[in-house]
Amino acid sequence: MAETNKTATLTIDGQSYELPILSPTAGPDVIDIRKLYAQAGVFTYDPGFTSTASTDSTITFIDGGKGELLHRGYPIDQLAGQSNYLEVCYALLYGDLPSKAQMDDFEARVTNHTMLHEQMVNFFRGFRRDAHPMAIMVGVVGAMSAFYHDSTDISDPWQREVASIRLIAKMPTIAAWAYKYSIGQPFVYPRNDLDYASNFLRMCFSVPAEDYVPDPILSKAMDRIFTLHADHEQNASTSTVRLASSSGANPFACIAAGIACLWGPAHGGANQACLEMLREIGTVDRIPEFIARAKDKEDPFRLMGFGHRVYKNFDPRAKVMKQSADEVLDLLGVENNPVLQVAKELEKAALADPYFADKKLFPNVDFYSGIILEAMGFPTSMFTPIFALSRTVGWISQWKEQLDDPQLKIGRPRQLYKGETLRDYVPIDKR
Ligand code: SDX
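Residues numbered from 1 in each chain as written. Predicted model: local features only at pLDDT ≥ 70, side-chain atom pairs only at ≥ 80, totals over all residues. Heavy atoms only, no water.

K.L.:
Explain the environment of Gly377 to me, please; I cannot follow it from the model alone.
P.N.:
Topologically, Gly377 is positioned in the loop between helix 17 (366-375) and helix 18 (383-403). Since its relative accessible area comes to 39%, Gly377 is described here as partly exposed. Along the backbone, Gly377 and Cys204 are 173 residues apart, and their C-alpha atoms lie at a distance of 9.6 Å. Not counting residues within four places of it along the chain, the set of residues in contact with Gly377 comprises Tyr179 and Phe205. (Helix = DSSP H or I, 4+ residues; strand = E, 2+ residues; numbered from the N terminus. Buried < 20%, exposed > 50% of the residue type's maximum accessible area, 1.4 Å probe, protein only. Contact = heavy atoms within 4.5 Å.)

Next comes the structure, spelled out in structure tokens:
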């Protein structure tokens, strides 16, 4: 963030304060208010952080008005079309796309960390079979700090690197095992001769009685879904990871906190909620009823998979996801999937409705992802775990960036207090 000679003048009770303006390489300028409370004795007020930059970063840039998403400067549609998930992981973690030698080394390190400590099998078995896979992921990832003691010291750059690779490598195994456990099938171990996405699909769908060889089109679609969810600036779960890490918590605890935050239906849980909504709508003729409900201020119902805090245009990930949906459903011969028909008609109807156009509510990343995942054979309960698996590299990259920041301090927001002012205790027999 570059200092500029521009300042913002704030006047309170006749007293003026000059606040420095910092300029980014892209996006809006920011007003530096770090000294505001010390100088003026006032806080700023921004619940939900709609106008607040919590950090500077060089990883991901979003232009919500243009519907633009860049990872280390590379546009998401080019990465989704020409790169692959592990290569995007490398760029997010280390700052740029790898050379062939760097990519081979990185892929080998990830491949050789995909297995879980065998003792963790017992940890999985402590859950009820009907536990939501996200509950299992939060628990198991948090428990990794009890199994991998040699990569919890965040002051050691080598341990930070090992923890990063372990989390990226083991998340598919954890997600697949959470799925297998929930359907009562035996765990399938990762294999080193499969690429990242194929390994995950095989761990999910192979059984001892019959191996599963993923179709290359499905592996590519899976890899693309991972890429489209990899990172997204300072979203709620990434901000959770950064806040947890600012206290010095170990990486596994921080990522478990991010998984917990992602679970919510307003965030990563929207893909599950969206598919459940499309199924509840059921047929195209019921779309007007649900659009009316989404517009009704008295009705808490919202169109899942629509709207975004930052995008006030099409979410660029939704565009790529829509292409993948057509490819996968065509391959699987379910292009007439009734849920997809409802999704496409709902999108058309909503975008033609002034309510959504005026509020700039467009389909987001979660609108089409659930349709692809369902067509691939995943239950809706696995949609958010797949989002969490994909986002692990984003959380880790942002976690690393924050730990490398010399001005790092514990995150501790203040408040606008509206409670009782000082008063004396009244004994119960006098109340
Ligand atoms: C993700 O932050 C990220 O980057 C997240 C994410 C990532 O990659 O990390 O992109 C992933 O979380 C995508 C979003 C998934 N969530 C959903 O699809 C759930 C449905 N969407 C909404 O809950 C909502 O759009 C949010 C939470 C996503 C964003 O809401 P905002 O920006 O906080 O704005 P808001 O809730 O205040 O809505 C503004 C207006 C309101 O109307 P008014 O009060 O101004 O009259 O738009 C309305 C809202 O009622 N509105 C909707 C709507 N979303 C917003 N109305 C109907 N349906 C919707 N989906």
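K.L.:
Mind showing me how you'd approach the site of the ligand here?
P.N.:
Every one of the 25 residues lining the ligand counts as a neighbour, but His232, His308, Arg309, Arg317 and Arg391 are closest to it. For the ligand, an oxygen atom lies 2.8 Å from a polar atom in the backbone of Gly305. Measuring from an oxygen atom of the ligand, one finds a side-chain N or O atom of Arg309 at 2.8 Å. Here the ligand, which alone exposes 1,100 Å², has 77% of that area covered by the protein. Here the shell around the ligand is built from residues that sort into ten nonpolar, seven polar and eight charged. (Near = heavy atom within 4 Å. Polar contact = N/O pair within 3.5 Å; in protein donor to acceptor, adjacent residues only side chain to side chain. Areas by Shrake-Rupley, 256 points an atom, 1.4 Å probe, with all protein chains shown as cover. Nonpolar A, V, L, I, M, F, W, Y, C, P; charged D, E, K, R; others polar.)

K.L.:
How should I be thinking about the packing of helix 17 against helix 18 in this particular structure?
P.N.:
Axis angle and axis distance: for two packed helices, these are the angle between their axes and the distance between the axes, and together they describe the pair. In contact at an axis separation of 10 Å, helix 17 and helix 18 are set at 110° when each is read in the N-to-C sense. Relative to helix 18, the element helix 17 is oriented roughly perpendicular. Seen along the crossing, helix 17 lies across helix 18 with a hand that is right-handed. Contacts from Asp366, Gly370, Leu373 and Glu374 in helix 17 reach Phe383, Ile386 and Phe387 in helix 18. (Axes fitted to C-alpha atoms, helices over the stretch in contact; angles between N-to-C directions. Parallel < 35°, antiparallel > 145°, perpendicular 65-115°, else oblique. Left-handed = near helix turned anticlockwise from the far one by under 90°.)

K.L.:
Can you walk me through the pattern of salt bridges in this structure?
P.N.:
As a working rule, side chains carrying opposite charge can pair if their charged atoms are close by. Inspection of every chain in the model, using the stated rule, returns 22 salt bridges. In this structure, the salt-bridge partner of Asp29 is Lys6, at a minimum N-O distance of 2.6 Å. Separated by 23 residues along the polypeptide, Asp29 in the loop between strand 2 (15-23) and strand 3 (30-31) and Lys6 in strand 1 (residues 2-12) bring together distant segments of the chain. For Lys6, a relative accessible area of 40% corresponds to the partly exposed category. Its salt-bridge partner being Lys400, residue Glu161 comes within 3.3 Å of it at the nearest N-O pair. With Glu161 in helix 7 (residues 157-182) and Lys400 in helix 18, this pair connects stretches of sequence that are 239 residues apart. Looking at Lys400, the relative accessible area reads 13%, which means it is buried. The network of salt bridges with shared partners includes Asp105, Arg109, Glu161 and Lys400. (Salt bridge = Lys/Arg side-chain N within 4 Å of Asp/Glu carboxyl O.)

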